[in-house]
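Survey of secondary and tertiary structure
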Amino acid sequence: MRNMTEEELTQLVLDGYSNTDNPRLREILLSLIKHLHEFVRDVQLTEPEWIEGIKYITAAGQISDDKRQEVILFSDLLGISSLVNMISAKVPEGATESTVIGPFFLENAPERAWGESVAKREIGDPMIIRGKVTGMNGEPVPNARIDVWQTDANGMYDVQDSNAPEHNLRGYYRTNERGEYLIKTVRPTSYPIPVDGPAGDLVRAAKRHPWRPAHVHAMITADKYQTLITHIFDGEDQYLDSDVVFAVKESLIHDFRMNESEADAKSFGVNAPFLDLEQNFILPKQRVAA
Ligand code: BEZ
Ligand code: FE
């Protein structure tokens, strides 16, 4: 114990956590310790470098609050969020694919009525997103909750923009008894992730660009169905192949079609022309615990 080798130290630390009661927590802790020690050995980390690392992690905590989530940003920028999503949010073929949640979701978004727009100032091209929420057998899912949040033409979420009306471009809709929904909004734009904190230092150090391709976030929750957290990407965006947070999936890329029909515009309560996107969300049933 007193004259340890590096390997003996690692083993001693592992032993120190091997009585963790919760088996899953034990598995995660022991693997984390093993890999962290391996990482330190691999790069032969120096004490000044580790102090820099600690300062960096501390800065991420200090800049975070209820509106700013720097740690999620780190997870996104390092591809951890996408990897966890790939591993743990697998859906059967035919179901709508999910992707990362990002740092801008808010729990307390307001409900939006049928026909109401989430855009509380009209910057950008009017757009509707319409379709159905169904199960895997095509059965309609009534009363599903569809949370949406996005940027408008100024590239900022409401929580980043002190001039934005409260909850601008954010809210949730409910499906009707046929599982149908109608979202009114404006075309989202590509935007840079926040780079005024430690996450920005990481992007600059790696000479990466900070942009995400334009998208609308959607989270669909319904009784007895698996929750879906996804994006609707604009198929014309220039950053689809270089998303700074590695979260684009082919099936989530859509054609934002211009609809010039006055009759369609009237039926949706918008002015023609408008961008018209039809998108069904297909949800698997919740897994029943064994
Ligand atoms: C977003 O899409 O809101 C987002 C995701 C990851 C990092 C930053 C922003
Ligand atoms: Fe986003």
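Refer to the structure printed above.
Remember, predicted model here, so these are calculated numbers, not experimental data.

**Section: the packing of helix H1 (residues 6–16) against helix H2 (residues 23–43)**
Taken N-terminus to C-terminus, the directions of H1 and H2 make an angle of 160 degrees; their axes are 10 Å apart at the nearest point. Classed by the angle they form, the pair H1 and H2 counts as roughly antiparallel. Remark: the crossing between H1 and H2 carries right-handed chirality. Along its contact with H1, which presents Glu6, Glu7, Leu9, Thr10, Val13 and Leu14, the element H2 presents Leu30, Ile33, Lys34, His37 and Arg41. Of the residues in the contact of H1 with H2, the class split is five nonpolar, two polar and four charged.

**Thoughts on the pattern of salt bridges**
Counted according to the given criterion, the structure contains 19 salt bridges. Note that Arg112 and Glu116 form a salt bridge whose closest N and O atoms lie 3.2 Å from each other. Here Arg112 falls in the buried class, since its relative accessible area comes to 8%. A salt bridge links Arg178 to Glu180; the nearest nitrogen and oxygen atoms lie 3.2 Å apart. On the basis of relative accessibility, which here comes to 23%, the residue Glu180 falls in the partly exposed class.

**Side note on the coordination of the iron ion (ligand 2)**
Protein coordination at the iron ion (ligand 2) comes from Tyr157 (OH), Tyr191 (OH), His215 (NE2) and His217 (NE2), with a distance range of 1.9 to 2.1 Å. What the six donor atoms of the iron ion (ligand 2) show is an angle range of 55 to 162 degrees at the metal, which sorts the shape as irregular. Mapped onto the sequence, the donors of the iron ion (ligand 2) take the spacing Y-x33-Y-x23-H-x1-H. Of the two residues, Tyr157 sits in the loop between strand E2 (145–150) and strand E3 (170–174) while His217 sits in strand E7 (residues 215–221), which places them 60 residues apart along the sequence.

**Considering the site of ligand 1**
Taken together, the neighbourhood of ligand 1 is formed by 13 residues, with Asp76, Tyr191, Arg212, His215 and His217 sitting nearest. Measuring from an oxygen atom of ligand 1, one finds a side-chain N or O atom of Tyr157 at 3.3 Å. At 2.5 Å from an oxygen atom of ligand 1 is found a side-chain nitrogen or oxygen belonging to Arg212. For ligand 1, whose accessible area on its own is 260 Å², the fraction buried by protein is 100%. Listing elements by their share of the shell around ligand 1, those giving two or more residues are helix H4 (70–77) and E7. Classifying every residue of the shell around ligand 1 gives seven nonpolar, four polar and two charged.

**Observations concerning the side chain of Gln226**
Within the element layout of this structure, Gln226 appears in the loop between E7 and strand E8 (228–234). For Gln226, the side chain forms a polar contact with the main-chain oxygen of Lys285, separated by 3.0 Å.

**Some remarks on a nonpolar patch on the surface**
Among the surface-exposed residues, Leu32, Leu36, Phe39, Val40 and Val43 lie close enough to one another that they form a single nonpolar patch of about 420 Å² accessible area. Looking at the element boundaries, Leu36 is found in helix H2. What makes Leu36 partly exposed here is its relative accessible area of 44%.

**Details of helix H5 (residues 80–88)**
Three- or four-residue spacings in an α-helix give side chains the same orientation, since the helix completes a turn every 3.6 residues. What H5 keeps buried is the set Ser81, Ser82 and Asn85. Each buried residue of H5 lies within a common arc of 95 degrees when the element is viewed along its axis, so the set occupies one face. Facing away from the buried side of H5, by more than 90 degrees, are the exposed residues Ile87 and Ser88. Those residues of H5 that are buried are in contact with H4.

**Brief notes about unusual backbone geometry**
It is generally the case that most residues other than glycine have a negative phi and that most peptide bonds are trans. Here the residue pair Ala272 and Pro273 is connected by a cis peptide bond, since its omega of -5 degrees sits within 30 degrees of zero. The residue Pro273 is located in the loop between helix H7 (262–268) and strand E11 (274–278) in this model. Backbone geometry at His167 places phi at a positive 60 degrees, although glycine is not the residue there. With respect to the helices, strands and loops of the structure, His167 is situated in the loop between E2 and E3. Residue His167 is classed as buried on the basis of its relative accessible area of 17%.

Rules behind the numbers
- Residues numbered from 1 in each chain as written.
- Chains lettered and ligands numbered in written order.
- Predicted model: local features only at pLDDT ≥ 70, side-chain atom pairs only at ≥ 80, totals over all residues.
- Heavy atoms only, no water.
- Axes fitted to C-alpha atoms, helices over the stretch in contact; angles between N-to-C directions.
- Helix = DSSP H or I, 4+ residues; strand = E, 2+ residues; numbered from the N terminus.
- Parallel < 35°, antiparallel > 145°, perpendicular 65-115°, else oblique.
- Left-handed = near helix turned anticlockwise from the far one by under 90°.
- Contact = heavy atoms within 4.5 Å.
- Nonpolar A, V, L, I, M, F, W, Y, C, P; charged D, E, K, R; others polar.
- Salt bridge = Lys/Arg side-chain N within 4 Å of Asp/Glu carboxyl O.
- Buried < 20%, exposed > 50% of the residue type's maximum accessible area, 1.4 Å probe, protein only.
- Donors = N, O, S within 2.8 Å, 3.2 Å for Na, K, Ca; no water.
- Tetrahedral: all angles 85-135°; square planar, octahedral: opposite > 155°, others 65-115°.
- Near = heavy atom within 4 Å.
- Polar contact = N/O pair within 3.5 Å; in protein donor to acceptor, adjacent residues only side chain to side chain.
- Areas by Shrake-Rupley, 256 points an atom, 1.4 Å probe, with all protein chains shown as cover.
- Patch = residues over 30% accessible without salt bridge, like charges linked within 9 Å, V, L, I, M, F, W, Y side chains within 5 Å.
- Arc of directions from axis to C-beta.

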